[in-house]
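Observations on the three-dimensional arrangement
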Amino acid sequence: MIGIALGGVMFSDSLPRAFVDVANCQGSCFKTKEVAGLLASIGIQNLGGNLPKIIIETDKTLVFDIQYPYPDDKIHYAVVPKKDIKDVGSASKEDMEYLHDSFAVISKIVRDNNYQRYRVITNGPGYQEVTYLHFHLVIDREKPR
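These notes cover the structure that comes with them. These numbers come from a predicted model, not from an experiment.

**Quick word on the environment of Phe64**
Structurally, Phe64 is set in strand β2 (residues 61–65). The class for Phe64 is buried, based on a relative accessible area of 15%. Considered as a pair, Phe64 and Val79 are 15 residues apart in the sequence and their alpha carbons are 6.6 Å apart.

**Some details on a nonpolar patch on the surface**
Nonpolar side chains collect at one region of the surface, where Phe103, Tyr118 and Val120 lie side by side and expose about 260 Å² of accessible area between them. Following the sequence through the fold, Val120 ends up in strand β4 (residues 118–121). The exposure class assigned to Val120 is partly exposed, which follows from its relative accessible area of 37%.

**Describing the nonpolar core**
Residues Tyr77, Ile109, Tyr115 and Leu137 are the most contacted members of the largest nonpolar core, which totals 15 residues. Listed by contribution, the elements that provide at least two residues to this core are β3 (74–81), α3 (96–113) and β5 (135–140). Looking at this core, the element that brings in the most residues is α3, giving 5 residues. Setting aside residues up to four positions removed in sequence, Ile109 forms contacts with Ile56, Val63, Tyr77, Tyr115 and Leu137. Counting 5 residues, the second largest nonpolar core, distinct from the first, contains Phe64, Ala78, Val80 and Tyr132.

**Here's the deal with the sheet that holds β4**
Pairing within the open sheet is antiparallel, and its 5 strands lie in the order β1-β2-β3-β5-β4. Sheet topology places β1 (54–57) and β4 at the edges, where each strand pairs with a single neighbour. Ignoring strand direction, the axes of neighbouring strands in this sheet form an average angle of 20°. Where β4 meets β5, 4 bridges bridge the pair, whose relative direction is antiparallel. Following the sheet pairing, Arg119 is matched in β5 by Val138.

**Quick word on the pairing of β5**
Moving residue by residue along a regular strand, the side chains alternate between the two faces of the sheet. By the criterion of burial, β5 is predominantly enclosed, with 6 of the 6 residues buried. The two faces of β5 match: Phe135, Leu137 and Ile139 on one face and His136, Val138 and Asp140 on the other face are all buried. Here 6 bridges tie β3 to β5, and the two strands are oriented antiparallel to one another. Bridge assignment links His76 to a residue of β5, and that residue is Val138.

**So, the pattern of salt bridges**
Counting across every chain of the model gives 7 salt bridges. One salt bridge in this structure joins Asp140 and Lys74, with 2.5 Å as the shortest N-O distance. Residue Asp140 is located in strand β5, and its partner Lys74 is located in strand β3; the two are separated by 66 residues in the primary sequence. The burial state of Asp140 is the same as that of Lys74; both residues are buried.

So, how was this worked out
Residues numbered from 1 in each chain as written. Predicted model: local features only at pLDDT ≥ 70, side-chain atom pairs only at ≥ 80, totals over all residues. Heavy atoms only, no water. Helix = DSSP H or I, 4+ residues; strand = E, 2+ residues; numbered from the N terminus. Buried < 20%, exposed > 50% of the residue type's maximum accessible area, 1.4 Å probe, protein only. Patch = residues over 30% accessible without salt bridge, like charges linked within 9 Å, V, L, I, M, F, W, Y side chains within 5 Å. Areas by Shrake-Rupley, 256 points an atom, 1.4 Å probe, with all protein chains shown as cover. Salt bridge = Lys/Arg side-chain N within 4 Å of Asp/Glu carboxyl O. Core = buried A, V, L, I, M, F, W, Y, C linked by side-chain atoms within 4.5 Å. Contact = heavy atoms within 4.5 Å. Pairing = 2+ DSSP bridges. Axes fitted to C-alpha atoms, helices over the stretch in contact; angles between N-to-C directions.

Dropping the structure here:
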């Protein structure tokens, strides 16, 4: 009973995901992107600042320092809303405060460090490796002249 109650609390703010989509099975019904998205949702919403490599946390956003897969000449941060949003196309009006906060955090990072050469990237469903909306802030390290 404790496990069921704990699971209910942990999954309460996560969007439903189709792990087994029998109507659309093509070789495998197991959707690893959906499992990864669900696990990300649970971790982000329940562990927050206790996750490794967190450099910034607000009440609506987490920022991770992740270098992989970029080489040493780049700085790479993952900016993640603390609300389970699958992708930009599924964002609702209720999600906007989380998206606004994520972009405010990105803006602060850029301003505070005077970054000039950076990109903000997100992927749609066809490109996502994890079905959970997040943004990549990728900064070119300035080369000495």
